[in-house]
Amino acid sequence: MKVTKQRKIRVGVLGATGTVGQRFVEALVEHPWFDLAVLTASSASAGRSYGEACRWQLSADIPSPVVDAVVQPTEPDVDCEIVFSALPGDRAGPVEEAFAAAGYGVFSNASAHRQDPDVPLLIPEVNPDHLGLIRTQRAQRGWTRGFIATNPNCSAAMLTMALAPLHAVFGLKSVLVTTMQGLSGAGYPGVPSLDALDNVIPFIGGEEEKLSSEPRKMLGQLNEGKIDLADFLISAHCNRVPAREGHLETVSVALLRPATPQQAIEAWQTWRPLPQELGLPSAPHPPIVVRPEPDRPQTRVDRQAGRGMAVSVGRVRPCEVADIKFVLLGHNTIRGAAGASVLNAELMVAQGLVGISESASQRISE
Ligand code: NAP
C-alpha cells in the first residue's frame, strides 16, 4: 500500500501539548494516510513553538517536524479536514460542536459527547456499524460535512475489547471489574507525587460511572438510528496506582451460556474483527494477546503489546461467584486514547466516510 504525500488528509490535534495530545503527535507525525498540519492548545500556549509550549513526556525526542511548528488557538478556522480532540472534558463539549458545525470531522477523546444518543462511541473492532449514527447526527444537527465520533474512556476501551468476543459467543449476564489505573490517566501533572507514591487511591472521579455505562452502549445494537443498550450489568471499582502508564483490570464475568476458561480463550483467539481484516495501519495483530504465564499480563512488561494497541488477557480461570475470571491490561494513552481515536479515523477513511478529495477505496488499494 502506498499513499503519496499530496494525497494525505490534513489533520489537526486540539490540545496537542497535553498527555494525550503528545500521543496523537507520536501516532500522526509519520502516519501513512494523514498529514499532521495543525497543533492547537490553550491561549497560554498559542503563538509559541510546539517545542517551547509542550512539556514533552514521551521517551523519544519531540519529532523534528513539529518542534518548530507554531501552536494555534483552538478555534474552528484551522487548515485541515479532520481534528483529533484531546481537550479537557469541561472544555471539549462546545468546542467540538463548533468544529463539527464548521465542517470538520471531529474524533474526540473527551467524555462530553460519548453518551449523546446520536454520537457513535466507537471501537472499530467492536461496533463499526455504529458509524451509522453519523447520518442521524448530521440530519438532527443540520451538519452536512462535519461530525463527532468519540472513543471510550480508557478503562472502558480495554474492558470492552475483552468482553466483545465473550458477548458474541456466550452472551454477558453481569460483569464485576476492579481497575488498577496508571498515573498518566490523570493527565499532566495529574496526581501530586506525595499522594501517588507508596500508595493506592481507591477513587477516580466519574470513572466508575463511565466504566459501568460505556461498554453497554458499545455492545448495544444500532436500531433505526439509535442504540439499544446491551442488556447486562457492570459493577466497577476504580483505583489509581503508582504505575506511569497502563491500566490493569481484574474481571469476573457471568455468562448467559456458561463457558470454560479454554472456551473463552478460544473466543478471543479466533476473533477476526474488521480493522484487522481491512489492514488498517493502527490495527494490532492480534487484537487480543492471550498470555499463558501464571503471572501475566503485568503493567510494565505488557503495556506495549501491539505497539500499545493490543489488549492482553491472562490468568483465565473458573470464578467461584460468576463463570470465569481473568486479568486484562491495556495502554491507557494509546489504546485508551490517541491510538483508539486514530483507528476510528482510519476506519472512516476506509469506509469512504471521510477523505473527501478521493475515494477511500482508491486510497487503500494503492
Ligand atoms: P492534559 O494533559 O491536561 O492536556 C490538556 C490539553 O488541553 C493541553 O494541550 C492544554 O493546553 C489544552 N487545553 C487546556 N485548556 C484549554 C482551553 N481552554 N482551550 C484549548 N485548549 C486547552 O489532559 P489529557 O490527559 O491529555 O486528557 C485530554 C482529554 O483526553 C481529556 O478529556 C481526558 O479525559 C481524555 N482522556 C485522557 C486519557 C489519559 O489516559 N490521559 C485517556 C482517555 C481520555 P495547554 O498546554 O496550553 O494548557
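Residues numbered from 1 in each chain as written. Predicted model: local features only at pLDDT ≥ 70, side-chain atom pairs only at ≥ 80, totals over all residues. Heavy atoms only, no water.

1. Here's the deal with the domain arrangement of the protein chain
Domain annotation for the protein chain reports domain 1 (2–151 + 338–365) and domain 2 (154–332). Each partner contributes to the interface: domain 1 provides 32 residues, whereas domain 2 provides 35 residues. Buried surface at the junction of domain 1 and domain 2, both sides included, amounts to about 2600 Å², of which 64% is carbon and sulfur. At the junction of domain 1 with domain 2, the criterion picks out two salt bridges. Glu-245 is the salt-bridge partner of Arg-23, the closest N and O atoms lying 2.7 Å from each other. Taken together, the links from domain 1 to domain 2 amount to twelve residue pairs in polar contact (both at pLDDT 80 or more). Counting residues per element, the side of domain 1 that touches domain 2 draws most heavily on helix α12 (residues 334–350), at seven residues. Residues that form the side of domain 1 that touches domain 2 fall into these classes: 14 nonpolar, eleven polar and seven charged. (Domains from an automatic or database assignment. Contact = heavy atoms within 4.5 Å. Buried area = accessible area lost by both parts, 1.4 Å probe. Salt bridge = Lys/Arg side-chain N within 4 Å of Asp/Glu carboxyl O. Polar contact = N/O pair within 3.5 Å; in protein donor to acceptor, adjacent residues only side chain to side chain. Helix = DSSP H or I, 4+ residues; strand = E, 2+ residues; numbered from the N terminus. Nonpolar A, V, L, I, M, F, W, Y, C, P; charged D, E, K, R; others polar.)

2. A short note on the site of the ligand
Taken together, 26 residues form the shell around the ligand, and within it Thr-17, Val-20, Ser-42, Ser-45 and Leu-87 come nearest. Contacts to the ligand include Thr-19, whose backbone N or O atom sits 2.9 Å from an oxygen atom. Between an oxygen atom of the ligand and a side-chain N or O atom of Ser-45, the distance comes to 2.5 Å. Summarising the interface, the protein chains cover 78% of the accessible area of the ligand, which totals 910 Å² for the free molecule. According to the grid-proximity analysis, the pocket containing the ligand is the largest pocket. Secondary-structure elements contributing two or more residues to the shell around the ligand are α1 (19–28), α4 (89–101) and α12. Of the residues that constitute the shell around the ligand, the class distribution is ten nonpolar, 15 polar and one charged. (Near = heavy atom within 4 Å. Areas by Shrake-Rupley, 256 points an atom, 1.4 Å probe, with all protein chains shown as cover. 1 Å grid on protein atoms, 1.4 Å probe; cavity = no way out; pocket = protein on both sides within 12 Å on 5 of 7 lines; lining within 4 Å. Sits in = over half its atoms within 2 Å of the grid points.)

3. Things to note about the packing of α1 against α12
At their nearest, the axes of α1 and α12 sit 9 Å apart, and the two run at 45° to each other. When the axes of α1 and α12 are compared, the pair comes out oblique. In the packing of α1 onto α12, the handedness of the crossing is right-handed. Here α1 contributes Val-20, Arg-23, Phe-24, Ala-27 and Leu-28 to the contact with α12, which in turn contributes Ile-334, Ala-337, Ala-338, Ser-341 and Val-342. For the contact of α1 with α12, a count of residues per class yields eight nonpolar, one polar and one charged. (Axes fitted to C-alpha atoms, helices over the stretch in contact; angles between N-to-C directions. Parallel < 35°, antiparallel > 145°, perpendicular 65-115°, else oblique. Left-handed = near helix turned anticlockwise from the far one by under 90°.)

4. A look at helix α6 (residues 154–169)
For α6, which comprises 16 residues, the first-to-last C-alpha distance of 24 Å matches the rise-based estimate of 22 Å (1.5 Å per residue) to within 8%. Where α6 bends most, at Leu-163, the angle is about 35°, and the proline Pro-165 comes one to four residues later. With 13 of its 16 residues buried, α6 lies for the most part within the structure. Among the residues of α6, the N-terminal cap falls to Asn-153, whose side-chain oxygen and the backbone nitrogen of Ser-155 are separated by 2.9 Å. Just downstream of α6, Gly-171 is the residue with a positive phi angle, here 80°. (Expected span 1.5 Å × (residues − 1). Bend = angle between axes of the 7 residues up to and from the residue. Buried < 20%, exposed > 50% of the residue type's maximum accessible area, 1.4 Å probe, protein only.)

5. Things to note about the packing of aromatic side chains
Applying the stated criterion across every chain yields a total of seven aromatic pairs. Relative to Phe-84, the ring of Phe-24 has its centre 5.2 Å away and its plane inclined at 35°; by these criteria the two rings are tilted. Of this pair, Phe-24 sits in helix α1 while Phe-84 is found in strand β4 (residues 82–85), placing the two residues 60 residues apart along the sequence. Residue Phe-24 is classed as buried on the basis of its relative accessible area, which comes to 0%. Since its relative accessible area comes to 0%, Phe-84 is described here as buried. One aromatic cluster is present, formed by Phe-24, Phe-34, Phe-84, Phe-107 and Phe-147 through successive ring pairs. (Phe/Tyr/Trp six-rings, centres within 6.5 Å; stacked < 30°, edge-to-face > 60°.)

6. Topic: the environment of Ser-184
Looking at the secondary structure, you find Ser-184 in the loop between β7 (172–181) and α7 (193–196). Between the C-alpha atom of Ser-184 and that of Val-20, which follows or precedes it by 164 residues, the distance is 9.0 Å. In contact with Ser-184, other than residues within four places in its own chain, are Thr-19, Arg-244, Glu-245, Asn-332 and Thr-333.

7. What to know about the sheet that holds strand β11 (residues 247–255)
If you trace the six strands from one edge of the open sheet to the other, you get β10-β7-β11-β14-β13-β12, paired in mixed fashion. The open sheet has two free edges, formed respectively by β10 (233–240) and β12 (288–290), since each of these has just one partner strand. Each strand of the sheet is rotated relative to its neighbour by a mean of 20°, with strand direction disregarded. Bridge analysis of β11 against strand β14 (residues 324–330) gives seven bridges, and the strand direction is antiparallel. Its bridge partner being in β14, His-247 is matched across the sheet by Gly-330. This element, helix α8 (residues 207–218), spans β7 and β10 of the sheet and lies at about 140° to β10. (Pairing = 2+ DSSP bridges.)

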